[in-house]
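Okay, here's what each chain looks like letter by letter:
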Amino acid sequence: GTTFISDDAFGHTLTVTGATWGIQGRTFDGDDVISNTVSDFRSSDSQGTIMAWVRCNNVTDFRTIFASSDIATDTSFIRFLIKDTSGILHVYQQNANDILDSVLGTTNVADNKWHLVALNSSGSAYTIFVDGISEALTVLSGTNSGDWFADTTLRDNITIGAWTRTTSLQYFLGSIGEVIVYSHT
């Protein structure tokens, strides 16, 4: 359908724009998004995990798995995505105008196979997992700070399959199955 209610205690209603339901999750064709307008999503969480089943085979651009951002600016967000050209999992986090934290894993997941991927924050460092195996991480900018939802103010949305800030971009191309966001490490 075009909407569904999240399975968390808050029952957020997510709006589906274009992503079609298939046997193994939602299919995203490069201009689809699942979203909810919600102020400061999980703003008390200083640590936690984002986990999803993904299948992707095209990384000519960044491919967003999950994001939470401010739609009025380009400077407050947390994003879990697949990096362009390499197919490697990547986390970007920035709070207002602080230094962008950009941390990259090692495994190419853009191989058209299903992968269970996870981004974990202990509150002081990120860990990225692919199919249950912890990745070696490279810091591209900022630090591996583990900054999480509580450290990222001014956010007013959550999205699956695209990054929505002043515009929507970096759409997913492939399939995303179950997405789980929780406050445990």
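Residues numbered from 1 in each chain as written. Predicted model: local features only at pLDDT ≥ 70, side-chain atom pairs only at ≥ 80, totals over all residues. Heavy atoms only, no water.

### Here's the deal with the sheet that holds strand 8 (residues 77-82)
Condition: DSSP-based pairing: two strands are paired if at least 2 bridges between them are found. Per the convention used, a helix needs a DSSP run of H or I reaching at least four residues, while a strand needs a run of E reaching at least two, with both numbered from the N terminus. All axes are obtained by fitting lines to C-alpha atoms, using only the stretch in contact for helices, and the reported angles, taken between N-to-C directions, cover 0 to 180 degrees.
Taken together, 9 strands build an open sheet; the order of strands is 1-2-5-15-7-8-9-10-14 and the sheet is antiparallel. A strand with exactly one partner marks an edge of an open sheet, and here the two such strands are strand 1 (3-5) and strand 14 (138-141). Taking the axes of each pair of neighbouring strands and ignoring which way they run, one obtains an average angle of 20 degrees across the sheet. Looking at chain direction, strand 10 (residues 101-108) and strand 14 are connected through 3 bridges and run antiparallel. Paired with V103 across the bridge in strand 14 is V139.

### Quick look at the environment of F129
Secondary-structure assignment places F129 in strand 12 (residues 126-130). Along the primary structure F129 and I88 are separated by 41 residues, whereas in three dimensions their C-alpha atoms are 11 Å apart.

### Overview of the sheet that holds strand 11 (residues 115-121)
Strands sit in the order 3-4-18-6-11-12-13 across an open sheet of 7 strands; the sheet is antiparallel. The sheet is open, and its two edges are formed by strand 3 (20-22) and strand 13 (133-134), each paired on a single side. Direction of pairing for strand 4 (residues 25-29) relative to strand 18 (residues 173-182): antiparallel, over a ladder of 4 bridges. From the neighbouring strand, T27 faces strand 18, where its bridge partner is S175.

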